[in-house]
Amino acid sequence: MRVLLAIVLVAAAGLIGWRVLRPSEVVEAAALPYPAAEVVAPGVTGKTALAPLIVDERIRVYAGKRVVKADSPISATTMYTPLWSYRRWPAQVSGVVAAGATVVSRWSDGLVVALDGRTGRVVWRTGGPAADPFAEPTGSDAVWDPAGLSVSGSAVLVSGAAFSLETGRPTAVPVAEPASLSVTAANGVVKASGAASWEWTGEAIILGVRPQKVILLAANQTLVELDARTGAELTSFRLYTTNERVEPWQPRRWHLTGNWLTLERVDYPPEPVIIAAL
C-alpha cells in the first residue's frame, strides 16, 4: 500500500512539474484603445528603470528576461502599468526591434515573434538560429542594439536572413542607401561634410544624424540640436528631470526614434534611463 501511495505521489508530482515547467507562451492583450501620437515640446519628459524602445510615436516597449511589454504615454514621467505583455518560458529575450506598429522579438531558442503593437497580439512566428540570452538589467542592449536583429525597409534581418515585416516569410535583403551627410567630432569641433558643410565649436558626442537635425551630447550633460543644413543651434537643454539630483554622468548607450531620444546613464540609479522629446 505504501509503495502504491509513493508511486501515485511521484506521478502526481511529475504531472504538476510538467504543468509548471513545460515551455509556455502567455499573451496579455491590450484592453485599452491604441493611444494617439503625442506632440511634445523639446525637453526631458521622464526617466525609467528599463530602457524603452519608442514605437510608432505612441508606445514605449521594454524587454525583460522573459517578457516584452509596452506602456504609454511616451511622455510619462516613469514606467506605467503595461498596456500589453508577451511572455515565454524558458526561452529568454535576445532582442527587440520595431517598424511602424509592428514589434519583432527574437528569443534565445531562435524563435522570432512579431507582435501587433496596437494590441500586443501575435502576428507571425518563424524559426531561426539560437541567439544570445538576456544579459543586463535595463534591457538597453536588447532594445537599442540587439545582436543579429535589425530592420531595413519592409524587412526584418535575423542573422543576415531577411523576413517580411508583414508576413514573416523569407524575402530579399534590402539594399541600404548611403548616407548623404557625414558628421564627425574631434578636437573640440563638430564638422559636417557631404550634403552640407559647416562647423560647430565645442566638445560633444554625436548622438545621431537626421535629415533635418544633428543631435549632440555636449558639456554639462546638455543635449544640443543643430540644423543639419546650416549647423545653427536649434535648441539645447540639460538631460535631467525636474527635482532630480544633478551629478555628472557618462552615457552608456542611447537610441533615437523619430522625435525621441532615450539614453542610459552609467551608475545613475534607481532610474538610469532618461527620455527626451526632440
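Residues numbered from 1 in each chain as written. Predicted model: local features only at pLDDT ≥ 70, side-chain atom pairs only at ≥ 80, totals over all residues. Heavy atoms only, no water.

K.L.:
Before we go on, may I ask you to explain the overall build of the protein chain in this structure?
P.N.:
If you tally the helices and strands in the protein chain, you get two helices and 23 strands. Projected onto its principal axes, the C-alpha coordinates of the protein chain cover approximately 90 × 50 × 40 Å. The contacts in the protein chain between residues at least 6 apart in sequence include a share of 47% that link residues at least 24 apart. Accessible area for the protein chain stands at about 14100 Å²; split by element, carbon and sulfur atoms hold 56% of it. The centroid of the 25 positive side-chain charges in the protein chain is displaced by 9 Å from the centroid of its 24 negative side-chain charges. (Helix = DSSP H or I, 4+ residues; strand = E, 2+ residues; numbered from the N terminus. Contact = heavy atoms within 4.5 Å. Areas by Shrake-Rupley, 256 points an atom, 1.4 Å probe, with all protein chains shown as cover. Lys, Arg positive; Asp, Glu negative; His and termini not counted. Charge placed at Lys NZ, Arg CZ, Asp CG, Glu CD.)

K.L.:
Where do I start with the sheet that holds strand β21 (residues 251-257) in this structure?
P.N.:
For sheets, the rule is that strands pair by backbone hydrogen bonds, running either parallel or antiparallel. Strand order in the open sheet formed by four strands is β2-β23-β22-β21, and the pairing between neighbours is antiparallel. Because the sheet does not close on itself, it has two edges, and the strands there are β2 (43-48) and β21. The mean inter-strand angle of the sheet, taken between neighbouring strand axes irrespective of direction, is 20°. (Pairing = 2+ DSSP bridges. Axes fitted to C-alpha atoms, helices over the stretch in contact; angles between N-to-C directions.)

K.L.:
Please explain the nonpolar core as it appears in this structure.
P.N.:
Here is a general trend for soluble globular proteins: nonpolar side chains tend to be buried in one another's company. Counting 23 residues, the largest nonpolar core has V61, V68, W84, V96 and V103 as the members making the most contacts within it. Sorting the residues of this core by element identifies β3 (53-55), β4 (59-63), β5 (67-71), β6 (84-89), β7 (93-99), β8 (102-107), β9 (112-116) and α2 (140-144) as the ones contributing at least two each. Those residues in contact with V96, other than ones at most four positions away along the chain, are L53, V61, A63, V68, V103, V104, S105, A142, V143, P146 and L149. Residues L207, L223, F237 and L278 belong to the second largest nonpolar core, which totals 15 residues. (Core = buried A, V, L, I, M, F, W, Y, C linked by side-chain atoms within 4.5 Å. Buried < 20%, exposed > 50% of the residue type's maximum accessible area, 1.4 Å probe, protein only.)

K.L.:
Explain the environment of P146 here, please?
P.N.:
The residue P146 is located in the loop between α2 and β11 (149-152) in this model. Each C-alpha atom, one on P146 and one on P170, is 20 Å from the other, the two residues being 24 residues apart in sequence. Not counting chain neighbours up to four residues away, the residues in contact with P146 comprise S94, G95, V96, V97 and D141.

K.L.:
Looking at this model, I keep getting lost on the confidence of the model for the protein chain. Mind explaining?
P.N.:
The predicted coordinates ought not to be read in detail in places where the model reports low pLDDT. Per-residue pLDDT for the protein chain averages 92, and the proportion of residues at 70 or more is 92%. Low confidence marks residues 1-20, where pLDDT is under 50. Its contacts with residues over four positions away, or in another chain, come to one contact. (pLDDT = per-residue confidence, 0-100.)

K.L.:
How should I be thinking about the sheet that holds β7 in this particular structure?
P.N.:
Read from one edge to the other, the open sheet built from four strands follows the order β7-β8-β9-β10, with strand pairing classed as antiparallel. Every interior strand has two partners, whereas the edge strands, β7 and β10 (122-126), have only one. Along the sheet, successive strands turn relative to each other by an average axial angle of 20°, direction set aside. In this structure, β9 lies alongside β10, joined through four bridges in antiparallel fashion. In the sheet register, A114 faces β10, and the bridge partner there is W124.

K.L.:
What is the right way to read the packing of aromatic side chains from this model?
P.N.:
For any pair of aromatic rings, geometry is given as the distance between the ring centres together with the angle between the planes. For the structure on display, the rule yields three aromatic pairs. Between Y240 and W249, the ring centres sit 6.4 Å apart and the planes meet at 70°, which makes this aromatic pair edge-to-face. Relative accessible area serves as the criterion here: at 10%, Y240 is assigned to the buried category. For W249, a relative accessible area of 4% translates into the label buried. Arranged with centres 6.5 Å apart and planes meeting at 55°, the rings of Y240 and Y268 form a pair that is tilted. Of this pair, Y240 sits in the loop between β20 (233-238) and β21 while Y268 sits in the loop between β22 (260-265) and β23 (273-277), and the two are 28 residues apart along the sequence. These aromatic residues form a ring-pair network of at least three members: Y240, W249 and Y268. Over the ring of W107 we find R88, and its NZ or CZ is 5.3 Å from the ring centre. Against the face of Y268 rests R245, its NZ or CZ located 4.1 Å from the ring centre. (Phe/Tyr/Trp six-rings, centres within 6.5 Å; stacked < 30°, edge-to-face > 60°. Lys NZ or Arg CZ within 6 Å of the ring centre and 35° of its normal.)

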